[in-house]
Amino acid sequence: MRPIRPGDRGPAVTEIRTVLTGLDLLPPSTDDEFDGATERAVRAFQQSRGLSIDGRVGAETWRALDAARWRLGARTLYHAVPEPLTGEDVRSLQERLLEMGYDVGHADAIYGIRTSRAVAQFQREVGLKPDGSCGPHTMGALRRLGRKVVGGRPQWLRESDAIRQSGPTLVGRTVVIDPGHGGTDPGVVVPDGPLRWTEADLVHDLASRLEGRLAAAGVRVQLTRGPAPETCLPDADRAQLANSLGADVFISLHTDEHANPEAEGVATYHYGTDNGVTSTTGERLAGLVQREIVARTGLRDCRTHAKAWDLLRLTRMPAVRVEVGYLTSPRDRGQLVDPRFRDRVVEAIVAAVQRMFFPVERDVPTGSIDVSELRAVVAAGAVMD
């Protein structure tokens, strides 16, 4: 869909304003114009939901607005097949269950089988019929009970234990690498004298180099696209591909852009919202990737950030999106077009993925892992076999 933006009019704008009014972000009005107040309300909504803050209503913001119509308790929630229920009420329920120590995975606003099982477990423990649906009786029990787990984040403990149990080696892991954009969507495009640099081409080259390095370390690697796909795969489909492969890690590669050519640096994103709900293993992976890239390349540190983009929200494994510099920055672009620089970025990401599987107490200093040694370990193992 074409983004709805300031200056637009029509029924769609009226619907957007109605939802924002219901969220107390906009005063009641019958106007159908996307005015300055509407833009500010959209920005506030995007910020609160961990979306890109651009003041426009594209497909992802539209879905979030549609989900925001539902408040917890307004309807009975259940696991529907093949189209599961989605909405803000589902996310609120998931967050409540996470606070109480139940395993729903990400608070992704989708009432899937994992959420249904968590509800059934809660119902069983409070003496209700364990049917996995959340109606008035289950809501009443949820309101009466406080937190079940205190003194730490239960999801952090659960995810950390899963990583610990899986062991420190990379051999046999499955990593999905997602070169952003592609096909009809080239991403950022920057003319540079007689040359024309595109984000889609640069990140595919990065992804191919990363694929080779990880494969040499014994990792099974899958890319979400080739160098010249006919169409651009939606983010939800990229996430579904990673889920279907049972990936251990998902890494999406992008470059950034800004009207100001002085904007530069690397930033890494993981799933999370402004109320503290986050993928804790994704947050750790983002921190490792960010620190390794900064240490090994000298790119400006734009830090890590929580976002609820579909790409991060719908993946069921530690997932990050890395914005490897600004293609619109002459300084960053000069480095990105250098193959030797891209190799350093790749080594940084490989080192971060390896550190992801080290127990926290056995972690090593940033920049200390020699990626070539990981290949040597695999080669030595093959010789012994």
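Every value quoted in this text rests on a predicted model; they were computed, and no experiment measured them. (Residues numbered from 1 in each chain as written. Predicted model: local features only at pLDDT ≥ 70, side-chain atom pairs only at ≥ 80, totals over all residues. Heavy atoms only, no water.)

Quick word on the sheet that holds strand β1 (residues 174–179)
If you trace the six strands from one edge of the open sheet to the other, you get β4-β1-β5-β8-β6-β7, paired in mixed fashion. Edge positions in the open sheet fall to β4 (220–223) and β7 (301–307), since each of these has one partner strand only. On average, each strand axis in the sheet is tilted by 20° relative to the strand beside it, whichever way the strands run. One ladder, built from five bridges, connects strand β6 (residues 266–271) with β7; its direction is parallel. What sits directly across from T268, in β7, is T304. Packing of helix α10 (residues 280–297) onto the sheet brings it into contact with β5 (249–256), β6, β7 and β8 (319–326), and relative to β6 it is tilted by some 170°. (Pairing = 2+ DSSP bridges. Helix = DSSP H or I, 4+ residues; strand = E, 2+ residues; numbered from the N terminus. Axes fitted to C-alpha atoms, helices over the stretch in contact; angles between N-to-C directions. Contact = heavy atoms within 4.5 Å.)

Comments concerning unusual backbone geometry
Cis geometry marks the peptide bond from V81 to P82; its omega dihedral reads 5°. The backbone of D24 sits at a positive phi, close to 65°, despite the residue not being glycine. With phi around 65°, H181 is a residue other than glycine that occupies positive phi space. Following the sequence through the fold, H181 ends up in the loop between β1 and β2 (189–192). Take H181: its relative accessible area is 18%, and that puts it in the buried class. (Buried < 20%, exposed > 50% of the residue type's maximum accessible area, 1.4 Å probe, protein only.)

Describing the packing of aromatic side chains
Per the stated rule, a full pass over the model turns up two aromatic pairs. Aromatic side chains Y102 and F122 sit 6.0 Å apart centroid to centroid with 90° between the ring planes, which places their arrangement in the edge-to-face category. Residue Y102 is located in the loop between α4 (88–99) and α5 (113–126), and its partner F122 is located in helix α5; the two are separated by 20 residues in the primary sequence. On the basis of relative accessibility, which here comes to 3%, the residue Y102 falls in the buried class. Geometrically, the ring pair formed by Y269 and W309 is tilted, given 4.9 Å between the ring centres and 50° between the ring planes. (Phe/Tyr/Trp six-rings, centres within 6.5 Å; stacked < 30°, edge-to-face > 60°.)

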